[in-house]
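Take a look at the letters that make up each chain.
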Amino acid sequence: MNPEFAGGVFTAAGAQFASWYARLWRPLGELTVAVTRPSPGDRVLDACCGSGASAVPAAIAVGPSGHVDAVDLAGGLLDQGRATAAGLGQLVFTEHDVLTWDGGPYDLVQCVYGVFFFPDMDAGARRLIGRLRPGGRFAVTTWRRDGMARIVPIGQAAAAAERPELAGSVGRVGSQGRIDTPEKLTAWLTELGLVDVEVEEIGFVQPLHPEDAWTLFLGAAMRAFVTGMDEAAVARVKERYLAGLAEAGLTSLDCGSLVAVGRVPA
């Protein structure tokens, strides 16, 4: 996905994204930081930070002697993050493309549900790894196979009738499928040159009421499927999407995730 386009999609999704923050994004961000474990005094880059679900707990962990750069192109989400992080002087939100960010060096770079949006996931990850000091750690959080990924093809199929170019991609979730098991994620980070790679599995389930399911659609990357559509077309997509969820029996949202941490050789 083009970084500028992704930033625009998530900025437009701000209100719906915020409605899920307390029930989904914040707990997942806190669970990620429980695995990445930034230390007091660390310098951290939170890439693709959104509204700060992982940046805020990282800032608390590093304390006043540390520093967290939270970087994203979705300006609307950054505004939400700044409001949430009021009083954390060690946390700075910046609207910028993480692929051209030149800050650092950092002790930890973490990218939570973001690497699979890069136009070239390998090149993007290498760019982020290049922001680390020798011995620094790179962390990635991604969706586990058969978890959140189950809902995306339903959203694609619902929109494909209005946007035929989506039809050929239904059932595919881009680069995410390359890193959706512990084995594949470990292999990928090892191929990028990291050592001591460890992967933790996170289980997290949320009830999925139909209206909440549509809010999630509009507050996540699936919003891109309906960007530019008129209201009537969006209403038809919603009807097909909710029908698809019912047919699949999805009454809860499986947010099972993988958090991997690897180290740059010293």
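Novice: How would you explain unusual backbone geometry if you had to name every residue and give the values?
Specialist: In this structure, the amide linkage connecting Gly104 to the following residue, Pro105, adopts the cis form with an omega of 5°. Note on placement: Pro105 falls in the loop between strand S3 (91-95) and strand S4 (106-112).

Novice: Can you break down the packing of helix H8 (residues 210-219) against helix H9 (residues 231-248) residue by residue, with the values?
Specialist: A pair of packed helices is captured by two measures, namely the crossing angle of their axes and the spacing between those axes. Close contact between H8 and H9 brings their axes to 10 Å; oriented N to C, the two are set at 120°. Comparing their axes, H9 and H8 come out oblique. Remark: the crossing between H8 and H9 carries right-handed chirality. On H9, the residues touching Pro210, Glu211, Ala213, Trp214 and Phe217 of H8 are Val234, Val237, Lys238, Tyr241, Leu242 and Leu245. Residues that form the contact of H8 with H9 fall into these classes: nine nonpolar, no polar and two charged.

Novice: Give me the lowdown on the layout of surface pockets, citing residues and values where you can.
Specialist: For the second largest pocket, the calculated volume is near 160 Å³. Forming the boundary of the second largest pocket are Val35, Arg137, Asp196, Glu198, Val199, Glu200, Val261, Gly262 and Arg263. Counting residues per element, the ones that place at least two in the lining of the second largest pocket are strand S6 (195-202) and strand S9 (257-263). For the lining of the second largest pocket, the per-class residue count stands at three nonpolar, one polar and five charged.

Novice: Tell me about the sheet that holds S6, residues and numbers included.
Specialist: Reading across from one edge, S3-S2-S1-S4-S5-S9-S6 is the order of the seven strands in this open sheet, with mixed pairing throughout. What marks the edges here is a single partner per strand, and that holds for S3 and S6. Neighbour-to-neighbour, the strand axes of the sheet open up by a mean angle of 15°, direction not taken into account. Bridge count between strand S2 (residues 67-72) and S3: five bridges; the pairing is parallel. Following the sheet pairing, Val68 is matched in S3 by Leu91. Where helix H3 (residues 55-62) meets the sheet, its contacts fall on strand S1 (43-47), S2, S3 and S4, and the angle it forms with S2 comes to roughly 165°. Contacts from helix H5 (residues 121-129) reach S1, S4 and strand S5 (132-143), with the element oriented near 140° to S5.

Novice: Lay out the packing of aromatic side chains in plain terms, naming residues and giving numbers.
Specialist: In this structure the tally under the stated criterion is eight aromatic pairs. Centroid distance Phe217 to Phe225: 6.3 Å. Interplanar angle 65°. Geometry classified as edge-to-face. Comparing Phe217 with Phe225, the two get one shared label, buried. Connected via pairs of aromatic rings, a cluster forms that spans Trp214, Phe217, Phe225 and Tyr241. The ring centre of Trp20 lies 4.2 Å from the NZ or CZ of Arg23, which sits over that ring.

Novice: For the pattern of salt bridges, give the residues involved together with the corresponding values.
Specialist: Under the criterion given, the structure shown has 13 salt bridges. Arg133 serves as the salt-bridge partner of Asp107, at 2.5 Å between the closest nitrogen and oxygen. Here Asp107, found in strand S4, pairs with Arg133, found in strand S5; they are 26 residues apart in sequence, far enough to count as distant. Look at Arg133 and you get partly exposed, because its relative accessible area is 33%. Asp122 is paired through a salt bridge with Arg178; the nearest N and O atoms lie 3.0 Å apart. Residue Asp122 is found in helix H5, and its partner Arg178 is found in the loop between helix H6 (151-160) and helix H7 (182-191); the two are separated by 56 residues along the sequence. The class for Arg178 is partly exposed, based on a relative accessible area of 38%. Sharing partners across several salt bridges, the network here consists of Arg144, Glu201 and Asp254.

Scoring rules and cut-offs
Residues numbered from 1 in each chain as written. Predicted model: local features only at pLDDT ≥ 70, side-chain atom pairs only at ≥ 80, totals over all residues. Heavy atoms only, no water. Helix = DSSP H or I, 4+ residues; strand = E, 2+ residues; numbered from the N terminus. Axes fitted to C-alpha atoms, helices over the stretch in contact; angles between N-to-C directions. Parallel < 35°, antiparallel > 145°, perpendicular 65-115°, else oblique. Left-handed = near helix turned anticlockwise from the far one by under 90°. Contact = heavy atoms within 4.5 Å. Nonpolar A, V, L, I, M, F, W, Y, C, P; charged D, E, K, R; others polar. 1 Å grid on protein atoms, 1.4 Å probe; cavity = no way out; pocket = protein on both sides within 12 Å on 5 of 7 lines; lining within 4 Å. Points joined across faces, edges and corners; volume = space filled by probe spheres on them. Pairing = 2+ DSSP bridges. Phe/Tyr/Trp six-rings, centres within 6.5 Å; stacked < 30°, edge-to-face > 60°. Buried < 20%, exposed > 50% of the residue type's maximum accessible area, 1.4 Å probe, protein only. Lys NZ or Arg CZ within 6 Å of the ring centre and 35° of its normal. Salt bridge = Lys/Arg side-chain N within 4 Å of Asp/Glu carboxyl O.

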